[in-house]
Amino acid sequence: MRIVVLAGGIGGARFLRGLKQAVPDAEITVVGNTGDDIHLFGLKVCPDLDTVMYTLGGGIEESQGWGRSDESFTVKEELAAYGVGPEWFGLGDRDFATHIVRTQMLGAGYPLSAVTEALCARWQPGVRLLPMSDDRVETHVAIEIDGEQRAVHFQEYWVKLRASVDATAVVPVGAEAAKPAPGVLEAIAEADVVLFPPSNPVVSVGTILAVPGIREAVAAAPAPVVGLSPIVGDAPVRGMADKVLAAVGVESTAAAVARHYGSGLLDGWLVDTADAGAVADVEAAGIACRAVPLMMTDVDATAEMARAALALAEEVRG
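Residues numbered from 1 in each chain as written. Predicted model: local features only at pLDDT ≥ 70, side-chain atom pairs only at ≥ 80, totals over all residues. Heavy atoms only, no water.

Comments concerning unusual backbone geometry
Between Gly 85 and Pro 86 the backbone carries a cis peptide bond, its omega angle lying at 5°. Mapped onto the elements, Pro 86 comes out in the loop between helix H3 (74–81) and helix H4 (93–107). Not every positive phi belongs to a glycine, and Arg 162 is a case in point at roughly 55°. Note on Arg 162: relative accessible area 52%, which makes it exposed. (Helix = DSSP H or I, 4+ residues; strand = E, 2+ residues; numbered from the N terminus. Buried < 20%, exposed > 50% of the residue type's maximum accessible area, 1.4 Å probe, protein only.)

Shown next as C-alpha cells:
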C-alpha cells in the first residue's frame, strides 16, 4: 500500500508513528510543511521537517514533542550573553548541528529535498520525507497590537506571542511562486490513499495546499482522501489552531474544518466521538464521516485512529 500524508509538526509526526505501527509494510511518503521555516543565527531551521524526522527516528524530546532528547542549551546561553537574539526561540545544542549541516548543504547548492534526504539517512524515519517545496515559503500572520497593524513571522506569533493576540490574516509568503518539490506530485498521483492527519488546517496542511499544483493534485488523485479532525469538542487538541482558523473565517469545530477543506478535496472525514453530532453536518457537505476516538494518548491509540482512517478510505473507494 502506498500512502501519502500531508503533515505539519507535532500532530503530524505523532500520527505518522501510529500509522507506521498500523501498516508496517506500507510505503509512506510524507509531504512536510515548510511554511514554518525560519532563518535564525544565519541558519536555516525547518521545524516541521525536523519534528517528523526526530519523532520517527527516535530522537525527539517526548515531553514537548519538538526538539532533541537529552538536549542542552549552552550555545543559546552564550548567544544571549553576547546580546544576540532572538532568545524566545529555543534551539538546543544537538539541534544546532542539524541546522548547521542543512545550511552548509544549501549553501553548496543542494536543494532542500536533497538535504532532507541526506539528513534522514542518519535518522532512518522509515518514511520518505519530502518538503512541500524546495522554494522558500514562509507563513506570516497579520496582527494588531496597540492599534498598530503588523505582519510577523508565524514563529514569532506562535512561539513568542503564544497567539495571545487575534490574527487578522495568514499569508504563506512566496507560495504563489513556489513549485512542488521533486516527487511530491508523483507520490500523490500514485498513492492508494492520501491522508490529512490532525495537523493545523491553516498553517500546516493549508500551507502545503497553497503551493500551486498540490491542491490540484490532491483533488485529482484517483485515491481516496481522508482527513482526521484536529478539533475535538470545539477546541484544538493541541496548540492554538482556533486563532488561525478565526483569521480565515472558519469556526473551531470539526464540521467547519471539514467544510473548509471541502468535498472537492476530501472523500472522508473522521471526527472524535465527542463530536458525533457533527457527522450528519459533514455528510450533508458531501463528505463521508465517521466518529471514532481521536485522542493520540499513546502509539496504540494513534494506530487505531490510522486504521479507522484507512477503513474509511476503503469504504469510500467503493
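So, the packing of helix H2 (residues 47–57) against helix H5 (residues 112–123)
Look at H2 against H5: their axes get within 10 Å of each other, and the N-to-C directions meet at 20°. Compared by their axis directions, H2 and H5 come out roughly parallel. As H2 runs across H5, the sense of the crossing is right-handed. Contacts between H2 and H5 involve Leu 49, Met 53, Tyr 54 and Gly 57 from the former and Leu 112, Thr 116, Leu 119, Cys 120 and Trp 123 from the latter. Considering only residue class, the contact of H2 with H5 consists of seven nonpolar, two polar and no charged. (Axes fitted to C-alpha atoms, helices over the stretch in contact; angles between N-to-C directions. Parallel < 35°, antiparallel > 145°, perpendicular 65-115°, else oblique. Left-handed = near helix turned anticlockwise from the far one by under 90°. Contact = heavy atoms within 4.5 Å. Nonpolar A, V, L, I, M, F, W, Y, C, P; charged D, E, K, R; others polar.)

Section: helix H11 (residues 254–261)
Counting buried positions along H11 gives six out of eight residues, so the element sits mostly inside the fold. Following H11 by one or two positions, Gly 262 has its phi on the positive side, about 90°.

Details of the sheet that holds strand E8 (residues 167–173)
Taken together, the three strands give an open sheet; going across it, the order is E7-E6-E8, and neighbouring strands pair in antiparallel fashion. The open sheet has two free edges, formed respectively by strand E7 (148–153) and E8, since each of these has just one partner strand. Along the sheet, successive strands turn relative to each other by an average axial angle of 25°, direction set aside. Alignment of strand E6 (residues 138–145) against E7, held across six bridges, turns out to be antiparallel. Bridging from a neighbouring strand, Ile 143 pairs with Arg 150 of E7. (Pairing = 2+ DSSP bridges.)

Looking at the packing of aromatic side chains
Within this structure, the stated rule accounts for seven aromatic pairs. Summarising the aromatic geometry, the rings of Tyr 54 and Trp 123 are spaced 5.2 Å apart at their centres and angled 65° between planes, so their arrangement reads as edge-to-face. Of this pair, Tyr 54 sits in helix H2 while Trp 123 is found in helix H5, placing the two residues 69 residues apart along the sequence. Of the two residues examined, Tyr 54 and Trp 123, each falls in the buried class. Centroid distance Tyr 261 to Trp 269: 5.8 Å. Interplanar angle 65°. Geometry classified as edge-to-face. Here Tyr 261 matches Trp 269 in class, with each residue buried. Aromatic rings pair up to connect Phe 154, Tyr 157 and Trp 158 into one cluster. (Phe/Tyr/Trp six-rings, centres within 6.5 Å; stacked < 30°, edge-to-face > 60°.)

Some words on the side chain of Thr 34
Along the chain, the position of Thr 34 falls in the loop between strand E2 (27–32) and strand E3 (38–40). Setting aside residues up to four positions removed in sequence, Thr 34 forms contacts with Leu 49, Leu 112, Pro 131, Met 132, Ser 133 and Val 137.

Some details on the pattern of salt bridges
All chains considered together, the criterion is met by 11 salt bridges. Residues Arg 259 and Asp 281 are paired through a salt bridge, measuring 2.9 Å at the closest nitrogen-oxygen approach. Remark: Asp 281 occurs in helix H12 (residues 279–284) and Arg 259 occurs in helix H11; sequence separation between them is 22 residues. Here Asp 281 falls in the partly exposed class, since its relative accessible area comes to 38%. Each of Glu 283, Arg 290 and Glu 315 takes part in a single network of salt bridges with overlapping partners. (Salt bridge = Lys/Arg side-chain N within 4 Å of Asp/Glu carboxyl O.)

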